[in-house]
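# Summary of the model geometry
What follows is each chain in one-letter form.
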Amino acid sequence: QLVESGGGLVQAGGSLRLACAVSGRTFSSVGVGWFRQAPGKEREFVAAITWNGANSDYAGSVWGRFSISKDDAKNSACLQMNDLKPEDTAVYYCAADSRAFRAVVPTQSEWFKYWGQGTQVTVSS
């Protein structure tokens, strides 16, 4: 139901824009999050946004470089990634919050019920 796209290979300092499209349900009432998992590491939180787009939060490692947004009209969400670093290399997953109209930014992976299959981002040095 969630499909990510936009991953690829980029040099350090470059940019990528990941997209997350949803089918079969709507994003308009739920928050959206992005997580990533590097080889040999646990999945980690990257960014999330509330259901109404009013608030967002980011992992410290991506603060100021990544930006999350959602477009309810298009039933999609995006993660703009700038100034990419080799340590950003990972499979990136988007996820939809399990609770509608949550008042806070959903940052805990256990709060998310629906997950995409992931898209690979590789940053070369």
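Refer to the structure presented above.
Everything quoted here is computed from the prediction, not taken from an experiment.

### Quick word on the side chain of D97
Positionally, D97 belongs in strand β9 (residues 90-97). At a separation of 3.1 Å, a polar atom in the side chain of D97 contacts the main-chain amide nitrogen of R99.

### Some points on the packing of aromatic side chains
Taken as a whole, this structure holds 6 aromatic pairs when the rule is applied. Relative to F45, the ring of F35 has its centre 5.7 Å away and its plane inclined at 75°; by these criteria the two rings are edge-to-face. Here F45 lies in strand β5 (residues 44-49) and F35 lies in strand β4 (residues 32-37), a separation of 10 residues in the sequence. Comparing F35 with F45, the two get one shared label, buried. With a centroid separation of 5.6 Å and 90° between ring planes, the pair formed by Y58 and W63 is classed as edge-to-face.

### Observations regarding the side chain of R65
With respect to the helices and strands, R65 occurs in the loop between β6 (56-58) and β7 (66-71). A relative accessible area of 9% means that R65 is categorised as buried. Within the local environment of R65, its side chain forms a polar contact with the side chain of D88, the two groups lying 2.8 Å apart. Setting aside its immediate chain neighbours within four residues, R65 contacts Q80, M81, N82, D83, L84, K85 and D88.

Cut-offs used in this document
Residues numbered from 1 in each chain as written. Predicted model: local features only at pLDDT ≥ 70, side-chain atom pairs only at ≥ 80, totals over all residues. Heavy atoms only, no water. Helix = DSSP H or I, 4+ residues; strand = E, 2+ residues; numbered from the N terminus. Polar contact = N/O pair within 3.5 Å; in protein donor to acceptor, adjacent residues only side chain to side chain. Phe/Tyr/Trp six-rings, centres within 6.5 Å; stacked < 30°, edge-to-face > 60°. Buried < 20%, exposed > 50% of the residue type's maximum accessible area, 1.4 Å probe, protein only. Contact = heavy atoms within 4.5 Å.

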